[in-house]
Amino acid sequence: QVQLVESGGGLVQAGGSLRVSCAASGGTFRSYGMGWFRQAPGKEREFVAAISWNGGSDYYAASVEGRFTISRDNAKNSVYLQMNSLKPEDTAVYYCTAGTDTVVVVTSGGLYWGQGTQVTVSS
């Protein structure tokens, strides 16, 4: 049983930066691949980024590659998403997810999900 709690969302102007965080508890964090998905109003939840259990591999959606960076700190049981050059279309609720297979996390998300944190980018 894993609990995930996101934080760090907020309001930022287009072109700005924001870092969202996800803190995990109740499981073996180091063995999980971690990822971020997002969902905007009226749209389906979509993959954003993922990172393997040891941080050796990362994955990005084409829409964010070059602007977003995923990282993790296993000592802190946390994963982060640094978002730069934000665009209004990045506005969404950002969800953290954890799974035993990073590839599965990329394609459909993990077994566990947080409640999300709102990111709003104004134009």
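Note that the structure is a prediction, hence the values are computed from the model and not measured. (Residues numbered from 1 in each chain as written. Predicted model: local features only at pLDDT ≥ 70, side-chain atom pairs only at ≥ 80, totals over all residues. Heavy atoms only, no water.)

Considering the arrangement of structural elements, one finds Gly 33 in strand E4 (residues 33–39). The exposure class of Gly 33 is buried, given its relative accessible area of 1%. As a C-alpha pair, Gly 33 and Leu 81 span 48 residues in sequence and 14 Å in three-dimensional space. Residues contacting Gly 33, with those up to four places away along its chain left out, are Ile 51, Ser 52, Trp 53, Arg 72, Thr 97, Ala 98, Gly 99, Thr 102 and Val 105. (Helix = DSSP H or I, 4+ residues; strand = E, 2+ residues; numbered from the N terminus. Buried < 20%, exposed > 50% of the residue type's maximum accessible area, 1.4 Å probe, protein only. Contact = heavy atoms within 4.5 Å.)

Attention shifts here to the pairing of E4. Of all seven residues in E4, six are buried, a share of seventy percent or more. By the bridge criterion, seven bridges tie E4 to strand E9 (residues 92–99) in an arrangement that is antiparallel. Among the inter-strand pairings, Gly 35 is bridged to a residue of E9, identified as Thr 97. Sheet topology places E4 next to strand E5 (residues 46–51); five bridges connect them, and they run antiparallel. By the bridge assignment, Arg 38 is partnered in E5 with Glu 46. Connecting E4 to the next strand, E5, in antiparallel fashion are six residues, including Gly 42 with a positive phi near 80°. (Pairing = 2+ DSSP bridges.)

Here we take up the nonpolar core. Across soluble globular proteins, nonpolar side chains show a tendency to be buried alongside one another. Leu 4, Met 34, Trp 36, Leu 81, Met 83 and Tyr 94 are the most contacted members of the largest nonpolar core, which has 33 residues in total. Looking at this core, the elements with two or more residues in it are strand E3 (18–25), E4, E5, strand E7 (68–73), strand E8 (78–83), E9 and strand E11 (117–122). If one sorts the elements of this core by residue count, E5 sits on top with five residues. (Core = buried A, V, L, I, M, F, W, Y, C linked by side-chain atoms within 4.5 Å.)

Once that is clear, we can look at the state of the cysteines. Per the stated rule, a full pass over the model turns up one disulfide. The disulfide bridge from Cys 22 ends at Cys 96, spanning 2.1 Å between sulfur atoms. Taking the sign of the S-S torsion, about -80° here, the bridge from Cys 22 to Cys 96 comes out left-handed. Of the two residues, Cys 22 is situated in strand E3 and Cys 96 in strand E9; the sequence distance between them amounts to 74 residues. Among the residues examined, Cys 22 registers a relative accessible area of 0% and is labelled buried. (Disulfide = S-S within 2.5 Å.)

The next point concerns the side chain of Thr 117. Looking at where Thr 117 falls in the secondary structure, it is placed in strand E11. When its relative accessible area of 10% is taken as the criterion, Thr 117 is described as buried. A polar contact of 3.1 Å, which involves the side chain of Thr 117, links it to the backbone nitrogen of Gly 9. In contact with Thr 117, other than residues within four places in its own chain, are Glu 6, Ser 7, Gly 8, Gly 9, Val 20, Ala 92, Val 93 and Tyr 94. (Polar contact = N/O pair within 3.5 Å; in protein donor to acceptor, adjacent residues only side chain to side chain.)

Note that every value here comes from positions in space, so none of it alone points to a role or purpose.
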